[in-house]
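Single-letter residue listing:
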Number of protein chains: 2
Amino acid sequence: MSGKATRLYPLPPREIPANAIYEDLEFPSEHIHASRPYVIINMVSSVDGKTAIGGKESRLGSQTDRQTMRNLRSKADAVMVGANTLRAEKLSLGLDAPRPARQPLAVIVTTSGDLPLETNLLIGEGQQFLVICPRGIAIRLPAGPGRTHCAPPTQSGNVDLGETLKMLKAECSIDLLLIEGGPKLSYSLISANLADELFLTLAPKLVGDTQEAALIAGPTPAARDLNLLSVYLAADELFLRYNFL
Amino acid sequence: MSGKATRLYPLPPREIPANAIYEDLEFPSEHIHASRPYVIINMVSSVDGKTAIGGKESRLGSQTDRQTMRNLRSKADAVMVGANTLRAEKLSLGLDAPRPARQPLAVIVTTSGDLPLETNLLIGEGQQFLVICPRGIAIRLPAGPGRTHCAPPTQSGNVDLGETLKMLKAECSIDLLLIEGGPKLSYSLISANLADELFLTLAPKLVGDTQEAALIAGPTPAARDLNLLSVYLAADELFLRYNFL
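Residues numbered from 1 in each chain as written. Chains lettered and ligands numbered in written order. Predicted model: local features only at pLDDT ≥ 70, side-chain atom pairs only at ≥ 80, totals over all residues.

## Here we look at the relation of the copies chain B and chain A
Point 1. Overlaying chain B with chain A gives an RMSD of 0.0 Å, the required rotation being 180° about an axis along which the chain moves by 0.0 Å. The operation mapping one copy onto its partner corresponds to a two-fold rotation axis. Among all residues of chain B, the one whose C-alpha sits closest to the rotation axis is G49 of chain B, at a distance of 1.9 Å. (Least-squares fit on C-alpha atoms with pLDDT ≥ 70 in both.)

In structure tokens:
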């Protein structure tokens, strides 16, 4: 991939290669939370707040967005998605550079256990994966470096995300956890005050389809204020970094 | 209102008073379309693409956003909204500076004729307003400088927006038309290729309520590519200007 990006904010502006967005990212100390990882959410959205075209997130972002996603993964100890995201399309949660030094742990959260692991989860070379489900759900794992962890269910039968994050820190040494959606998982984390930062790629498109998912989605308002940390621009696509106030 | 804004893009960055965003705006010649106005849409959205909190758009944007909206209105010959927007809350479509040199024409588009004009439309001093409805709908106008125009209905019974824009140019000399939503009106214009620019204020908030309206909303995809023209930043709020490709 060629092309240039410009860091517009903080000032002064600085031109960098488009594939270097977030390469020199710094996070607060890994010890900012004593008992859970530092949690960052990365999503791509159209200008009208839709996270997919025709149900597929991969149709929305550019090649630069996908490289930026990989740069974030390279910083993370684990990459987590909800089961809906895995059901929507084939996806890798790893790094695809030749022989990456270290693959993040792939984590899939499911309530029902209905997971197309064999067909839709592309496991990177040397990558391990972990399925989180409520107690009592049976998961059939494909051959490979996968395992399951049963978390206590919440009153509504979902995975208890607070307990899950504690477990990831204590048992898997996950200090930086990257969430790649979908909207329900992001909403659950944000509304439980378990998310620290939001990385949003604003694709220069309008989707306009009322059926497409929004960035976060839940039954009741979770209005939260954000603080803008940085803005990058590459070919009309904006890369926004916020933290939660 | 005090405070500073920074134009981040185009480069170089430039600091301006926060109340001066879009004050020096330039548009393509008024003759770019022979038979309709140049159409710009201005909306405020949360980072997750919602255009209201608790059903009210006014809760989303800052004071700077409201001043920016007035700066855009001061450039426009007419300001148009859909009836849902008027039903949602009291609103003015005019300028509230002391004795503005010229008020834009307020235009309300309705399919049903159900319009709370007397309670919700705050008419500025010296401002005229126009209600556009399909033929056969009776509108009860309050006392004042209002009139109605009946447009031919489309097959679905809505106002024919293409014919309406032609009428506004030919009969009312409207060269620059500002659309302030709601999502259905914006969607209808964009999907009919009748919109030229989108001004989006990205409020630094997550709403997360699946009931709130999106920026544009329609039954089928209207995926469109946008071209980023400028980016301003004031107190974590981004002011984005796009045109349609």
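Past the structure itself, the notes keep going.
## Re the nonpolar core
Point 1. Core analysis: the largest hydrophobic core is formed by 140 residues, its most contacted members being V107 and I108 of chain A together with V107 and I108 of chain B.
Point 2. Non-local contacts of I108 of chain B, meaning those with residues more than four positions away in its chain, are made with V81, A83, L86, L115, F129 and V131 of chain B. (Core = buried A, V, L, I, M, F, W, Y, C linked by C-beta atoms within 7 Å. Buried ≥ 20, exposed ≤ 12 C-beta atoms within 10 Å, placed from the backbone. Contact = placed C-beta atoms within 7 Å.)

## Quick word on helix 1 (residues 63-75) of chain A
Point 1. With 13 residues, helix 1 of chain A should reach 18 Å at 1.5 Å per residue; the first-to-last C-alpha distance of 19 Å fits that figure.
Point 2. Within helix 1 of chain A the residues assigned to the buried category are T64, D65, Q67, T68, M69, L72 and R73 of chain A. (Helix = DSSP H or I, 4+ residues; strand = E, 2+ residues; numbered from the N terminus. Expected span 1.5 Å × (residues − 1).)

## Brief notes about the pairing of strand 3 (residues 38-46) of chain A
All names here are of chain A.
Point 1. The buried count for strand 3 comes to nine of nine residues, which makes it a mostly enclosed element.
Point 2. Across the two faces of strand 3 the burial is the same, with Y38, I40, N42, V44 and S46 and V39, I41, M43 and S45 all buried.
Point 3. Pairing of strand 3 with strand 10 (residues 176-179) involves four bridges; the strand directions are parallel. Within the sheet, the bridge partner assigned to I41 lies in strand 10 and is I179.
Point 4. Pairing between strand 3 and strand 11 (residues 197-203): seven bridges, direction parallel. Bridging from a neighbouring strand, M43 pairs with L200 of strand 11. (Pairing = 2+ DSSP bridges.)

## Side note on the environment of K75 of chain A
Point 1. By the element assignment, K75 of chain A lies in helix 1.
Point 2. In this structure, the C-alpha to C-alpha distance between K75 of chain A and E23 of chain A, residues 52 residues apart in sequence, is 8.6 Å.

## A closer look at the interface of chain B and chain A
Point 1. At the junction of the two partners, chain B supplies 40 residues and chain A supplies 40 residues.
Point 2. Put simply, the parts of the chain that give the side of chain B that touches chain A at least two residues each are strand 1 (4-9), helix 5 (183-191), strand 12 (205-206) and strand 13 (224-234) of chain B.
Point 3. The element best represented in the side of chain B that touches chain A is strand 13 of chain B, accounting for seven residues.
Point 4. Both strand 12 (residues 205-206) of chain A and strand 13 of chain B contribute to a ladder of two bridges, which runs antiparallel. Across the sheet, the residue bridging to K205 of chain A is D225 of chain B, located in strand 13 of chain B.

## Re the confidence of the model for chain A
Residue and element names in this part refer to chain A.
Point 1. Counting all residues, the mean pLDDT for chain A is 89, and 96% of those residues have values of 70 or more.
Point 2. Ranking the helices and strands of chain A by mean pLDDT puts strand 1 (residues 4-9) first, with 98, and strand 9 (residues 146-151) last, with 82.
Point 3. Reported for the predicted complex are a pTM of 0.93 and an ipTM of 0.92. (pLDDT = per-residue confidence, 0-100.)

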